[in-house]
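One-letter residues, chain by chain:
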Amino acid sequence: MTNEAKYYLDLIMDEPVKIGHWLGFNDLIDIHNEWIKMMMFSSQDETLLAHRRKL
């Protein structure tokens, strides 16, 4: 594995919010890191339902 590949893999596993920001999801904050990691890496179903406020 190259250093660059390791960097991006570590980023996905440790700080997925940064990836979200690159993809245009700029409302994500640090608390979302834990939620995303829980849903991606849990051995159980960790579906998350959250309210969305209409603006």
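Residues numbered from 1 in each chain as written. Predicted model: local features only at pLDDT ≥ 70, side-chain atom pairs only at ≥ 80, totals over all residues. Heavy atoms only, no water.

1. Quick word on a nonpolar patch on the surface
Note the threshold: Patches in this entry comprise residues that are over 30% relatively accessible and not in a salt bridge; like charges within 9 Å are linked, as are nonpolar side chains (Val, Leu, Ile, Met, Phe, Trp, Tyr) within 5 Å. Here the Shrake-Rupley method, with its probe set to 1.4 Å, supplies the accessible areas, and only the displayed protein chains count as covering residues. By salt bridge we mean one thing: a side-chain nitrogen of Lys or Arg within 4 Å of a carboxyl oxygen of Asp or Glu. A run of DSSP states H or I qualifies as a helix once it reaches four residues; a run of E qualifies as a strand once it reaches two. Both are numbered from the N-terminal end. With a 1.4 Å probe rolled over the protein chains alone, any residue whose accessible area is under 20% of its type maximum counts as buried; one over 50% counts as exposed, and the rest are partly exposed.
Taken together, the side chains of Met1, Leu9, Ile12, Met13, Met40 and Phe41 make up a nonpolar region of the molecular surface, amounting to roughly 600 Å² of accessible area. Where the nonpolar patch is concerned, the elements lending two or more residues are helix H1 (3–14) and helix H3 (30–41). When residues of the nonpolar patch are assigned to their parent elements, the largest contribution, three residues, is made by H1. For Leu9, the location among the structural elements is in helix H1. The exposure class assigned to Leu9 is partly exposed, which follows from its relative accessible area of 39%.

2. Points about the packing of aromatic side chains
For clarity, the cut-off: Only the six-membered ring of Trp is used, alongside the rings of Phe and Tyr, when aromatic pairs are assigned; centres must lie within 6.5 Å, and planes under 30 degrees apart are stacked while those over 60 apart are edge-to-face, with the rest tilted.
Under the counting rule described, the total for this entry stands at two aromatic pairs. An angle of 75° between the planes, with centres 5.0 Å apart, marks the rings of Tyr7 and Tyr8 as edge-to-face. Relative accessible area serves as the criterion here: at 46%, Tyr7 is assigned to the partly exposed category. Since its relative accessible area comes to 35%, Tyr8 is described here as partly exposed. Geometrically, the ring pair formed by Tyr8 and Trp22 is edge-to-face, given 6.1 Å between the ring centres and 70° between the ring planes. With Tyr8 in helix H1 and Trp22 in helix H2 (residues 16–22), the pair connects residues that are 14 residues apart, well separated along the chain. Taking relative accessible area as the criterion, Trp22 reaches 53% and is therefore assigned exposed. What links up through ring pairs into an aromatic cluster is the set Tyr7, Tyr8 and Trp22.

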